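Per-entry structural report
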Amino acid sequence: MERKKEGFPNQKAIVLPPAIKEILRQNELTQLLHITDIGFYPHATGHYIARKHGSKQHILIYCTEGEGWYSINNQRIKVGKDQFFIIQAEIPHIYAAAEQNPWSIYWIHFTGEKSDTFKSFYNKLHTIDESPNARFKDRIQLFEEIYQNLEMGYSIENLQYTTLCLWHFLGSFRFIPQFREINKVIQGDIIQEAISYMRKNIDKKLTLEDIANSVQYSPSHFGQIFQKKSGHTPLNYFNQLKIQKACQFLDFSNMKIKEIADCLGFYDQYHFSKVFFKLIGETPSAYKKKNKG
């Protein structure tokens, strides 16, 4: 099969000019993270790239159809649909489409002072599992938003906006559970199940035992797991959800503070105000008077 670097039907790619890359390196927002090259190669028959000295940027390759492979340190890794990898800058590598059923890939070269934020994911193959709330289309939409803004030109506003979108796009790979719809409980994830239980019982005075029982764990074991993953004790987290709901009542209703306290299962208005002040830093009355939005 003939190997080629480019020339695929319906392909698209943008390589930013050196002068624009220099602007990106100097701007206080984009210097942290920015794109240098971006593209999409559909059914990329003959696609083959070899860099003996690596790339100056990190390279994200996201396969949405077909098959391909990449090689780092003489280890060849097969890549298929809904898989991705990020090659670290300066690492010698090869990647290519399979001869049969060649891949379709979205790719981005990126760099910046904070680009190593994602280094724990570099040089490894990752799979995005099928799920009713996988948001595959949303991820591609993020890519298109970046691409189309760059296609409109290199104004500083476009460059800064695409950088912000890039953080979100990379985050959709690094934090897959968080990227997915948060109102749907991930089966087998007791933390998400417990949070869902808290939200459904936001009007009650739940104990640690109540929450732990909802996921069939002992209170002590559940408390340790929950705090390790969320950074908060279950009851503190429950109070955060209550106060979040209280803020919505204060913003969008005419409910009195005592009514909100009763509605959210606080012992009384004073207990509610104390918890509110601890989390928000001001009283419910002061919060309600502030302009928002």
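Some words on the packing of helix H8 (residues 234–252) against helix H10 (residues 269–280)
In the contact formed by H8 and H10, the axes pass within 10 Å of each other and the chain directions differ by 95°. In terms of their interaxial angle, H8 and H10 are classed as roughly perpendicular. In this structure, H8 contributes Asn239, Gln240, Ile243, Ala246, Cys247 and Leu250 to the contact, and H10 contributes Phe272, Val275, Phe276, Leu279 and Ile280.

Some words on the environment of His221
Within the secondary structure, His221 sits in helix H7 (residues 219–230). Sequence spacing of His221 and Gly68 is 153 residues, and the spatial spacing of their C-alpha atoms is 44 Å.

Regarding the packing of helix H2 (residues 136–151) against helix H3 (residues 156–174)
Contact geometry of H2 with H3 gives a least axis separation of 9 Å together with a crossing angle of 160°. In terms of orientation, H2 lies roughly antiparallel with respect to H3. In this structure, H2 meets H3 at a crossing whose hand is left-handed. Seen from H2, the contacting residues are Arg139, Leu142, Phe143, Glu145, Ile146, Asn149 and Leu150; seen from H3, they are Asn158, Leu159, Tyr161, Thr162, Cys165, Leu166, His168, Phe169, Ser172 and Phe173. In the contact of H2 with H3, the residues fall into 10 nonpolar, 5 polar and 2 charged.

Re the sheet that holds strand E6 (residues 75–79)
Taken in spatial order, the 4 strands line up as E3-E8-E5-E6 in an open sheet, and their pairing is antiparallel. Two strands close off the open sheet at either side, each with one partner strand: strand E3 (48–51) and E6. The sheet shows a mean angle of 10° between the axes of neighbouring strands, taken without regard to direction. The pairing of E3 with strand E8 (residues 93–97) spans 4 bridges and is classified as antiparallel.

Analysis parameters
Residues numbered from 1 in each chain as written. Predicted model: local features only at pLDDT ≥ 70, side-chain atom pairs only at ≥ 80, totals over all residues. Heavy atoms only, no water. Axes fitted to C-alpha atoms, helices over the stretch in contact; angles between N-to-C directions. Helix = DSSP H or I, 4+ residues; strand = E, 2+ residues; numbered from the N terminus. Parallel < 35°, antiparallel > 145°, perpendicular 65-115°, else oblique. Contact = heavy atoms within 4.5 Å. Left-handed = near helix turned anticlockwise from the far one by under 90°. Nonpolar A, V, L, I, M, F, W, Y, C, P; charged D, E, K, R; others polar. Pairing = 2+ DSSP bridges.

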